[in-house]
Amino acid sequence: MAAKPRSLRWAVVALLVLGLTLAYQQLDLGRWLTLDQLKASRDALQQFYNSDPVWTLAVFFGVYVLATAVSFPGASVLTLAGGAIFGLGIGLLVVSFASSLGALLAFWMARTLLRDTVERRFGTFLAPINAGLAKDGVFYLLTLRLVPVFPFWLINLTMGLTQIGARPFYIVSQIGMLAGTAVYVNAGTQLAAIESTADILSPPLLGSLVLLGAFPLVAKWAVSALQQRKLYARWRKPRRFDRNMVVIGAGAGGLVSAYIAAAVKAKVTLVEGHKMGGDCLNYGCVPSKALIRSAKAVKQVRQAGAFGVRGAQATVDFAAVMQRVHDVVRDIEPHDSVERYTAMGVEVLQGHARITSPWSVEVTLADGQPQTLTTRNIVIAAGASPFVPPIPGLKEAGFLTSDTVWGLTTLPRRLVVLGGGPIGSELAQCFARLGSEVTQVEMAPRTMAREDPEVSERVMASLRADGVRILTGHQAVRVEVVAGEKRLIVRHRDQEQAVPFDELLCAVGRSPRVTGYGLEELGIPLTARKTIETNAYLQTLYPNIYAVGDVAGPFQFTHTAAHQAWYAAVNALFGRFKRFKADYSVIPWATFTDPEVARVGLSETEAREQGVPFEVTKYGIEDLDRAIADGTAHGFVKVLTVPGKDKILGVTIVGEHAGDLLAEYVLAMKHGLGLDKILGTIHTYPTLSEANKYAAGEWKRAHAPQRVLAWVERFHAWERA
Ligand SMILES: Cc1cc2nc3c(=O)[nH]c(=O)nc-3n(C[C@H](O)[C@H](O)[C@H](O)COP(=O)(O)OP(=O)(O)OC[C@H]3O[C@@H](n4cnc5c(N)ncnc54)[C@H](O)[C@@H]3O)c2cc1C
């Protein structure tokens, strides 16, 4: 339905352009837009003007606007004519407005006719260009306008395809073209002296205009240099620095930043106020995956009958489960230990770090002694901590978070899990499998809301099968203690309900750690999501202070913290030679519920929201030989591709080992490999990884060239005859 107005728009403009082109050819208008013709007609034109100035001005203005709007050649001759007929003052005035208005119309036509199509096709490619234009577009446009060697019509049309606003486009065009227009109009006043339009821009004049064109960018650079000077002016810069880099926080982001700095022989100090390894090792990925493994073992024992194993019974020794969790953490600890990093050449200090100036960090060591470090660069990798919502009565009743849940030694009989995100869903399923009566409370209409609805459905069904009571669309209102029993009061469609519990686990998100270590004093701004504001190079307000990981966002994963760390460390140490923008084009993640959910790139919901055209190919794992043999024949591989092409836009996998299976698609997306390449790759039989190949096969089947196949069928029939 939407195609009609668009095709109508196309038809109208196409007719207009066609009509004008024909008129241009038939009336041989090009003849009038030559220097010789202008010279020959100058006296006549001036006479017209003298006899009827208003009419001449109006016609000239109209012709100029129209010629510019449809990007006809000859704008320079028309501009000369403006000077020749009206003189410098009026000529400049009329040409300046006519050219800007014509440019605006050309811009508008390109925008109306082509922008949607271009955005649909090249949206991902255009996104950074549009982001750059949104920030500095006015400066770039001004430069392009000031230097008249950039084709006027091309700028109009190209800008129409971007996101730059029509109003700034018009204003900047009017101002930016003024100098060049003045040169041409002035030349028009001395028409007799000009042999060709090329004469107008003599090398020195062109040079001056180029210098003028460079001015906005130079001015912008100077303003930013001045701003930086002002920013740093209130701090005393040390004469020399003890270190090249100080890293605050020894989680994934901090460890990798320090590792890279040491690997390239920089002097680096890593400061950790609590436990080496940060959240991931101590409170996050590692203990949660260890707990998931125990919970899975319980499930497997319970399902043993289905595999012909009789008499298997699971009795959960929760203290032993938690002991195993701690043992796993202890076994992995050496990877992130002080000893390992010291051996790599990193100076590790255990204490609380506080940034006292852009070049100094004060560390309160474990024994209470302060130590001041001077450094050329600082990397903040302070992580995030569990967010606790302000629910009345919650604090008084007591609650667990991902920081404290690992301290449990007895299994809660009744557990409320507040939050339906990945952490809440993983832990709710674990505790249910281990034997708790779990109620998961989520305000949104579904859990795992970041994924497509069908993914949420699968995960919720699986959790329910494990005994989790899921209350979606329920808001936690308050916590009460009645006759010694703790109750969470939840509200659903204006009805309140009490959920009794022994423990309540708060898993409603994690807040970046942004207070108490100097950000406020330095005035380092935060984003709306309360992460530290950084640019694409991960620099904060102070270009020598970087932020990575959970504290910087936009993702809260161990692998993204490590990924950002590379950029921050390299930019900090070598940025004066070459800087790199953090690349977020292919970011995978997984939620380790059973079934696992793994994703890279766009989901269907996101593609729709962003207006990205896509095709969906789905392969059901019910069909996969290995999954059938393993008793895990459920889930799917869903691939989004560019319509008619095998280019992958996004993949969601739901099923056993989805997190591992995803790696093949991450590699493909990162290196621009399409589904054809995956299909053409040998996958070992029988493995779960064949699901990836079969998904590619589904795509291929749907795109089989039916006409060619019909001919091939005829060929075979002919061979048989
Ligand atoms: C239950 C749970 C499960 C998770 N599962 C996964 C998963 O499966 N996969 C995944 O990718 N991610 C997972 N995550 C997320 C992952 O743990 C984080 O994204 C990751 O730890 C972020 O690393 P980071 O370096 O930014 O911060 P952190 O690991 O939080 O490290 C920050 C460190 O900075 C220290 N610090 C802060 N301020 C100071 C200061 N002023 N002075 C000195 N030291 C300071 C802190 O003590 C901390 O050790 C999980 C998280 C949780 C809670």
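Here, every reference points to the structure presented above.
Keep in mind it's a predicted model, so treat the numbers as computed, not measured.

This paragraph deals with the overall build of the protein. Across its full length, the protein holds 26 helices and 20 strands. For the protein, the C-alpha atoms occupy an extent of roughly 110 × 90 × 55 Å along the three principal directions. Within the protein, buried positions represent 45% of all 721 residues. Looking at the protein alone, contacts between residues at least 24 apart form 65% of all its contacts between residues at least 6 apart. With the model as given, the accessible surface of the protein reaches about 36200 Å², and the carbon-plus-sulfur share is 60%.

Our focus in this paragraph is a nonpolar patch on the surface. Taken together, W55, V59 and V63 make up a surface patch of nonpolar side chains, about 300 Å² in accessible area. With respect to the secondary-structure elements, V59 resides in helix 4 (residues 53-69). A relative accessible area of 37% places V59 in the partly exposed class.

Right, let's talk about the sheet that holds strand 13 (residues 503-506) for a bit. In spatial order, the strands read 9-8-7-13; together these 4 strands make up an open sheet with parallel pairing. Where the open sheet ends on each side, the last strands, each with one partner, are strand 9 (469-471) and strand 13. The mean inter-strand angle of the sheet, taken between neighbouring strand axes irrespective of direction, is 20°. Across 4 bridges, the pairing between strand 7 (residues 414-418) and strand 13 is parallel. Considered in strand 13, the bridge of L415 is made with E503. Set on the sheet, helix 16 (residues 422-434) makes contact with strand 7, strand 8 (437-441) and strand 13; between it and strand 8 the angle comes to about 165°.

Read across the sheet, 5 strands follow the order 16-17-20-19-18 without closing on themselves; strand pairing throughout is antiparallel. Edge positions in the open sheet fall to strand 16 (588-591) and strand 18 (615-620), since each of these has one partner strand only. Mean inter-strand twist for the sheet, computed between neighbouring axes without regard to direction, equals 10°. The sheet contacts of helix 17 (residues 453-465) involve strand 17 (596-601), strand 18, strand 19 (636-641) and strand 20 (648-655), and relative to strand 19 the element is tilted by about 170°.

Taken together, the side chains of R120, R121, K645 and K647 define a basic patch exposed on the protein surface. Of note, R121 is situated in helix 5 (residues 75-146). We classify R121 as exposed; its relative accessible area is 67%.

Counted by the stated rule, this structure contains 1 disulfide. In this model C430 remains outside any disulfide bridge; the closest cysteine sulfur is found in C285, 14 Å from its own. Exposure remark for C430: the relative accessible area of 3% places this residue in the buried category. In this structure C506 is a free cysteine whose sulfur lies 18 Å from that of C430, the closest cysteine sulfur available. Judged by its relative accessible area of 3%, C506 is buried.

Attention now moves to the nonpolar core. With 38 residues, the main nonpolar core has L291, W406, F431 and V438 as its most contacted residues. Mapped by element, the contributors of at least two residues to this core are helix 12 (285-302), helix 13 (318-332), strand 7, helix 16 and helix 17.

Taken together, the neighbourhood of the ligand is formed by 39 residues, with G253, E272, K289, D550 and T558 sitting nearest. Between an oxygen atom of the ligand and a main-chain N or O atom of A252, the distance comes to 3.1 Å. At 3.2 Å, a backbone N or O of F557 approaches an oxygen atom of the ligand. Contact with the protein chains removes 93% of the 990 Å² of surface that the ligand exposes when unbound. Among the residues making up the shell around the ligand, the classes are represented as 16 nonpolar, 16 polar and 7 charged.

This part is about the packing of aromatic side chains. One pass over the structure, following the stated rule, counts 14 aromatic pairs. Between F557 and W589, the ring centres sit 5.7 Å apart and the planes meet at 15°, which makes this aromatic pair stacked. Here F557, found in the loop between strand 15 (545-547) and helix 19 (558-574), pairs with W589, found in strand 16; they are 32 residues apart in sequence, far enough to count as distant. Here F557 and W589 have matching classes, each one buried. Positioned above the aromatic ring of F636, the side-chain terminus of K618 is 4.5 Å from the ring centre.

Turning to the pattern of salt bridges, a few remarks are in order. Counting across every chain of the model gives 32 salt bridges. The residue R433 makes a salt bridge to D466 at a minimum N-O spacing of 2.9 Å. Of this pair, R433 sits in helix 16 while D466 sits in the loop between helix 17 and strand 9, placing them 33 residues apart in sequence. Judged by its relative accessible area of 5%, R433 is buried. Here D466 falls in the buried class, since its relative accessible area comes to 13%. Here the salt bridges do not stand alone but share partners, grouping D452, E454, E604, R608, K618 and K638 into one network.

Reading the values: the criteria
- Residues numbered from 1 in each chain as written.
- Predicted model: local features only at pLDDT ≥ 70, side-chain atom pairs only at ≥ 80, totals over all residues.
- Heavy atoms only, no water.
- Helix = DSSP H or I, 4+ residues; strand = E, 2+ residues; numbered from the N terminus.
- Buried < 20%, exposed > 50% of the residue type's maximum accessible area, 1.4 Å probe, protein only.
- Contact = heavy atoms within 4.5 Å.
- Areas by Shrake-Rupley, 256 points an atom, 1.4 Å probe, with all protein chains shown as cover.
- Patch = residues over 30% accessible without salt bridge, like charges linked within 9 Å, V, L, I, M, F, W, Y side chains within 5 Å.
- Salt bridge = Lys/Arg side-chain N within 4 Å of Asp/Glu carboxyl O.
- Pairing = 2+ DSSP bridges.
- Axes fitted to C-alpha atoms, helices over the stretch in contact; angles between N-to-C directions.
- Lys, Arg positive; Asp, Glu negative; His and termini not counted.
- Charge placed at Lys NZ, Arg CZ, Asp CG, Glu CD.
- Disulfide = S-S within 2.5 Å.
- Core = buried A, V, L, I, M, F, W, Y, C linked by side-chain atoms within 4.5 Å.
- Near = heavy atom within 4 Å.
- Polar contact = N/O pair within 3.5 Å; in protein donor to acceptor, adjacent residues only side chain to side chain.
- Nonpolar A, V, L, I, M, F, W, Y, C, P; charged D, E, K, R; others polar.
- Phe/Tyr/Trp six-rings, centres within 6.5 Å; stacked < 30°, edge-to-face > 60°.
- Lys NZ or Arg CZ within 6 Å of the ring centre and 35° of its normal.

Coordinates in, geometry out; function isn't part of it.
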